[in-house]
Amino acid sequence: MIGTILFFSIKSNSLSYSEYEQLVDKQENFYFVLSKKDCSDCIEFNKYLKSGENIYEVDLSKNKRLDEWRTFIQENDVKLVPSLYEVRDGKVTKIQGEGSAKKLYSNYKKMEKY
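What counts and how
- Along every chain, residues carry numbers that run from 1 in the direction the sequence is written.
- Per-residue local features of the predicted model are confined to residues with pLDDT of at least 70, and side-chain atom pairs are confined, for both listing and counting, to 80 or more; whole-chain, interface and lining totals are unaffected and use all residues.
- Values shown for side chains rest on all heavy atoms present in the structure; no hydrogens or waters enter the calculation.
- What we call a nonpolar core is a set of buried Ala, Val, Leu, Ile, Met, Phe, Trp, Tyr and Cys residues that are connected through their side-chain atoms within 4.5 Å.
- Think of it in three bands: residues with accessible area under 20% of the maximum for their type are buried, residues over 50% are exposed, and the middle band is partly exposed, with areas taken using a 1.4 Å probe on protein chains only.
- Residue contacts are counted whenever heavy atoms from the two residues lie within 4.5 Å of one another.
- Numbering of helices and strands starts at the N terminus; helices are DSSP runs of H or I of at least 4 residues and strands are runs of E of at least 2.
- Throughout, an axis means a line fitted to C-alpha atoms (over the contacting stretch in the case of helices), and angles, computed between N-to-C directions, take values from 0 to 180 degrees.
- The sense of a crossing depends on the near helix, which, turned anticlockwise from the far helix by less than a right angle, makes the crossing left-handed and, turned clockwise, makes it right-handed.
- For this classification, Asp, Glu, Lys and Arg are treated as charged, while Ala, Val, Leu, Ile, Met, Phe, Trp, Tyr, Cys and Pro are nonpolar and the rest, including Gly, are polar.
- Stacked, edge-to-face and tilted labels apply to pairs of Phe, Tyr and Trp rings (six-membered ring for Trp) whose centres lie within 6.5 Å, assigned for plane angles under 30 degrees, over 60, and everything in between, in that order.
- Note on definitions: salt bridges are taken to be side-chain nitrogens of Lys or Arg within 4 Å of carboxyl oxygens of Asp or Glu.

Going by an unreviewed UniProt entry, the chain carries the name Bacteriocin transport accessory protein and comes from Enterococcus phoeniculicola ATCC BAA-412.

Colleague: Mind laying out the nonpolar core, listing which residues take part and the relevant values?
Modeller: Grouped together as the largest cluster of nonpolar side chains are 21 residues, with contacts concentrated most on Tyr20, Phe30, Phe32, Leu34, Leu60, Trp69 and Phe72. Ignoring anything within four residues of it in the chain, the contact list for Phe32 reads Tyr20, Ile55, Tyr56, Val58, Trp69, Phe72, Ser83, Leu84, Tyr85 and Val87. With eleven residues, the next largest nonpolar core counts Phe45, Leu49, Leu84 and Tyr105 among its residues.

Colleague: So what's going on with the environment of Tyr48? Which residues, and what values?
Modeller: Its location among the elements puts Tyr48 in helix α2 (residues 40-48). For Tyr48, a relative accessible area of 27% corresponds to the partly exposed category. Separated by 58 residues in sequence, Tyr48 and Ser106 have C-alpha atoms that sit 9.6 Å apart. Not counting residues up to four positions away in its chain, the partners in contact with Tyr48 are Glu53, Ala101, Lys102 and Tyr105.

Colleague: Talk me through the side chain of Ser35; I want residue IDs and the actual numbers.
Modeller: By the secondary structure assignment, Ser35 is in strand β2 (residues 30-35). The buried category is assigned to Ser35, whose relative accessible area is 2%. The contact partners of Ser35, leaving out residues within four places of it in the chain, are Cys42, Glu57, Val58, Asp59, Leu60, Ser61 and Val81.

Colleague: I'd like a description of the packing of α2 against helix α4 (residues 101-112), backed by residues and values.
Modeller: Relative to each other, α2 and α4 sit at 35 degrees, their axes nearing to 8 Å. Remark: the crossing between α2 and α4 carries right-handed chirality. Across the interface between the two elements, Asp41, Glu44, Phe45 and Tyr48 from α2 touch Ala101, Lys102, Leu104 and Tyr105 from α4. Each residue belonging to the contact of α2 with α4 can be placed in one class, and the counts come to five nonpolar, no polar and three charged.

Colleague: Can you break down the packing of aromatic side chains residue by residue, with the values?
Modeller: Within the structure shown, the criterion is met by 17 aromatic pairs. Here the aromatic rings of Trp69 and Phe72 are separated by 5.5 Å at their centres, their planes lie at 80 degrees, and the arrangement is edge-to-face. Of this pair, Trp69 and Phe72 are both found in helix α3 (residues 63-75), three residues apart, which corresponds to roughly one turn of the helix. The same class applies to Trp69 and to Phe72, which are both buried. Considering the side-chain rings of Phe72 and Tyr85, the 5.1 Å spacing of their centres and the 80 degrees angle between planes classify their relative orientation as edge-to-face. Taken together, the positions of Phe72 in helix α3 and Tyr85 in strand β4 (residues 83-88) put the pair 13 residues apart, joining distant regions of the chain. Within the aromatic cluster, the residues linked to one another by ring pairs are Tyr17, Tyr20, Phe30, Phe32, Tyr56, Trp69, Phe72 and Tyr85.

Colleague: Tell me what's going on with the pattern of salt bridges, and back it up with residues and numbers.
Modeller: Throughout the structure, instances matching the rule amount to six salt bridges. Here Arg65 ties to Glu68 by a salt bridge, and the two come within 2.5 Å at their closest N and O atoms. One end of the pair is Arg65 and the other is Glu68, both in helix α3 and three residues apart, which spans about a single turn. Overall, Arg65 belongs to the buried group, its relative accessible area being 13%. Residue classification places Glu68 among the partly exposed residues on the basis of a relative accessible area of 30%.

Below, the structure written as structure tokens:
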């Protein structure tokens, strides 16, 4: 169940893998979710988001985007989408709940408080 990257809610920026690497190198803090347009849990996760929640979306529906992120997917053992990550001070952390919109969003809200 494993690509175009959009910003949920307030932004519609595209984020390439090289831009992701630059943000990590600059130690920017952000969240991003790997998803697919035809994934029901991905659609549900998007509905949970409120205006102003800054989460980049990596849409793996397109082969070009999937190819671009393939190494990340393999290195991070992505098995299901949606799969959500927090990047803080250059460190990437997978948020528990992969494949389940409800669990993923609940764990995201807990992490967001810190």
